[in-house]
Amino acid sequence: MPDPAPSAALRPVEALGDWTISIIASLGRFLTFFLRALGSLVTPPFKFNVFVDRVDYIGFRSLLIILLTGAFTGMVLGLQIFLTLSRFGSEAFLGPAVALSLIRELGPVLAALMITGRAGSALTAELGIMRITEQIDALEVMALSPFRYLVVPSILAGLVTFPLMTALFDVIGILGGYLVGVKLLGLSAGTYFGEMQTFVDMRDIMTGFWKSVLFGVVVTWVATYKGFHVGHGAEGVARATTQAVVLASVLILMWDYFLGSVLP
Amino acid sequence: MIKVEKLVKSFHGQPVLRGVDLEVPQGSITIIIGRSGGGKSVFLKHLIGLLRPDSGRVVIDGTDVTHLEGGELDRIRQRYGVVFQGGALFDSQTCGENVAFPLREKTRLSGREVAQRVEASLAQVGLEGVGRKYPAEISGGMRKRVAIALALVTEPQIVFFDEPTTGLDPILVNSIHHLIRDLHRRHGFTAIMVSHEIPEIFEIADTVAMLHEGRIVEHGPPDAIQRSANPVVQQFIRGEPEGH
C-alpha cells in the first residue's frame, strides 16, 4: 500500500529528512568508493605502466603551471612582506617570512589548487567520457577491474606527484622572493638565505609535506569518484567536472585548516 | 542455455522490466526487438551482470548468476564477449591495441602470439591493416567491426550485441548482420542481440523475442513473429505510428 501523503505542515520535515538521507547516502558511496580503491591497491597485479602514465598526466604536465604560479606567488610575497617589514625596520626577516608562508601554507594549498584545476578536472572529464561511452562497462565485462586500471593508479600518482609539485612550488617561490627582495629591493642574499636557515626547520617542511600528501589523495579521490558517477551525456560530464573542481578545492582549504591546527 | 525468469527492474519507482521470461538455446542467435526506451539495453545489462534486478533471476548453463560478485562473476564473464552500442573502444589506444587488450591482460600469450591473434581477429572482420589506426581515425562502420573483433578475440561462448548497427547506413547494416551470421557459423557461439533493424534481423535470427512494456510479448522463430497475430508485434514490424 502506498505511503499516505504527508500533511502540509510535515512536508518541510520530510524534505529535510530526504535531504539528510541523500547526503548520508552520498557520503557512504564516496567512502565505499575509496575503500574499494584501497582493496584493489592491496590485491595484485599492480598496473605499474598505468601508474607511470598517470604520474605524467597529473604531475609532469602540471609542471609549467606550477613553475609559473610558484614564481609569481614568491614574487608577490617578497614584495608585500618586504614593504610591511620595512615599516618596522625588520627587512632582514624577509627570507624566513617568505619561506615559512610558502612551505607551511601557500605551497601545498596553491600547488594543490593548480593541479586540481589542470589535472583534476581533466581526470574527471576523461573518466566521465569513458563512463558515458561504456568504456568502463567494457572493462567490467572483460572481468578487468576499472578500479585497478583507472582509480588506483590515479590516487597513487596523486600521492607521489603532489609532494613533488609542492616542493617545486616552494623552491621556485623562494627564488621569486629572492628575485624581488634581493635583486630588486636591495636586501643582501646572505641575510635572505641566512635568516631562512635559522628560522625554518624540519617540522615546517614536514607540515607542508603531509598536507601535500593528503591533498594528493583527496583531489584524485574526488576527481575519480566524480568521473565514475557522471550523469547523462555531455552535460553530465560538464557538471561532474565542475563539481569535482569545486569539491576538491573546498576540501583542500578545509583540510588545510584542520591539518594546520593539528600538525606542529 | 540462458534462462531468464521473472526479471523485474525499476529506476526511481519507474518500472522498466515487469517480469521478463526468456530462454535462449545454446548456439542460437536470439534477437530482442522492441521500441526505443522499452528496456532492451537494460535487459541486456542484466544478462551481462552490469545491473542487478529487483527480483527474478538469470541462469546461465544451470548457474544462477543474478547475485554473483567478485571472482565468481568474473569467472562467468570470461565466457562473454560484448559488442556495445557505441563500440566502447578505448580512444587512447590504437584499434590493434584495443583488440589486444583482453589478451594482454587476461592471458599469458607471448607478444608475437597476441599480435597474430589480433591480426587474425581483425582480418576475420575484414579489417586487415587498420591495427595501427586510432578509433577516431576510422569510420563508424569500421569501429563496429573493430568492436566485434574485440568481443570475439578471446573466443567467448556467449556474445552480446547491443544495437550493433545503430547509426549505420542500410548497406553497412546488412554487411554487419552478414558478418555476425558468418562469424556465428564459424565459431558457434550463443548470440543475443538487441536491435530494431526490421526486417533485416529476420534474415539472421534463429529466434526473435519482442520486449514491450517490460515483458516479452512474443517469442519464436522469425517467420512465426512475422505472422504473429499480436497487434503490438505487427505494429512494430510495420513501423506504424498509431496503434496499441
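Residues and elements named next belong to chain B. In the segment running from isoleucine 198 into proline 199, the intervening peptide bond is cis, with an omega of 5°. With respect to the element layout, proline 199 can be found in the loop between strand E8 (190-194) and helix H7 (201-204). In this model, aspartate 61 sits at a positive phi of 50°, which is unusual for a non-glycine residue. Using a count of 14 C-beta atoms within 10 Å as the deciding quantity, one classes aspartate 61 as partly exposed. Positive phi, normally seen in glycine, also occurs at glutamate 155, with a value near 55°.

Residues and elements named next belong to chain A. As far as domains go, chain A holds domain 1 (1-43) and domain 2 (47-262). Measuring from the centre of the C-alpha atoms in domain 1 to the corresponding centre in domain 2 gives 31 Å. Listed by partner, the interface residues are 7 residues for domain 1 and 8 residues for domain 2. By residue class, the composition of the side of domain 1 that touches domain 2 is 5 nonpolar, 1 polar and 1 charged.

This part is about the pairing of strand E3 (residues 29-33) of chain B. All names here are of chain B. Among the 5 residues in E3, 4 count as buried, and that is most of the element. Pairing between E3 and E8: 4 bridges, direction parallel. Each bridged residue has a counterpart across the sheet, and for isoleucine 32 the counterpart in E8 is valine 194. Bridging between E3 and strand E9 (residues 207-212) involves 4 bridges; their strand directions are parallel. Bridge assignment links isoleucine 33 to a residue of E9, and that residue is methionine 210.

Moving on, we get to the sheet that holds E8 of chain B. All names here are of chain B. If you walk across this open sheet you meet the 6 strands as E6-E7-E8-E3-E9-E10, and the pairing is mixed. One side of each edge strand has no neighbouring strand; the edge strands of this open sheet are strand E6 (80-83) and strand E10 (215-220). Averaged over all pairs of adjacent strands, the angle between strand axes in this sheet comes to 15°, irrespective of strand direction. Sheet topology note: the E6/strand E7 (residues 158-162) ladder contains 4 bridges and is parallel. Looking at E7, one finds that valine 82 is bridged to phenylalanine 160. Set on the sheet, helix H1 (residues 40-48) makes contact with E3, E6, E7, E8 and E9; between it and E7 the angle comes to about 155°.

The parts lose accessible area when they come together, and the size of an interface is often stated as this lost area. All names here are of chain B. Here chain B is described as being made up of domain 1 (2-79 + 157-238) and domain 2 (91-155). With 9 residues of domain 1 in contact, the opposing surface of domain 2 contributes 9 residues. The element that contributes the greatest number of residues to the side of domain 1 that touches domain 2 is helix H6 (residues 170-187), accounting for 5 residues. In the side of domain 1 that touches domain 2, the residues fall into 7 nonpolar, 2 polar and no charged.

Here we take up H1 of chain B. All names here are of chain B. With respect to burial, H1 is a largely interior element, 8 of its 9 residues being buried. For H1, the complete set of buried residues consists of Lys40, Val42, Phe43, Leu44, Lys45, His46, Leu47 and Ile48. Positive backbone phi, at 95°, marks glycine 49, one or two positions downstream of H1.

The rules behind the values
Going along each chain's sequence as written, the residues are numbered from 1 onward. Chains carry letters from A onward and ligands carry numbers from 1 onward, assigned in written order. With the structure being a predicted model, the display of local features is reserved for residues of pLDDT at least 70 and the display and counting of side-chain atom pairs for 80 or more, all residues being used for whole-chain, interface and lining totals. Numbered from the N terminus, helices here are DSSP runs of H or I no shorter than four residues, and strands are runs of E no shorter than two. Any residue surrounded by 20 or more other C-beta atoms within 10 Å of its C-beta is treated as buried, while 12 or fewer makes it exposed and the intermediate range makes it partly exposed; C-beta atoms here are placed from the backbone. Where a domain begins and ends is set by an automatic assignment or by a domain database. Contact between two residues is assigned whenever their backbone-derived C-beta positions fall within 7 Å. Charged residues are taken to be Asp, Glu, Lys and Arg, nonpolar residues to be Ala, Val, Leu, Ile, Met, Phe, Trp, Tyr, Cys and Pro, and polar residues to be all remaining types, Gly included. DSSP bridges decide pairing: two strands pair if at least two such bridges lie between them. Every axis in this analysis is a line fitted to C-alpha atoms, fitted for helices over the stretch in contact. Angles between the N-to-C directions lie between 0 and 180 degrees.

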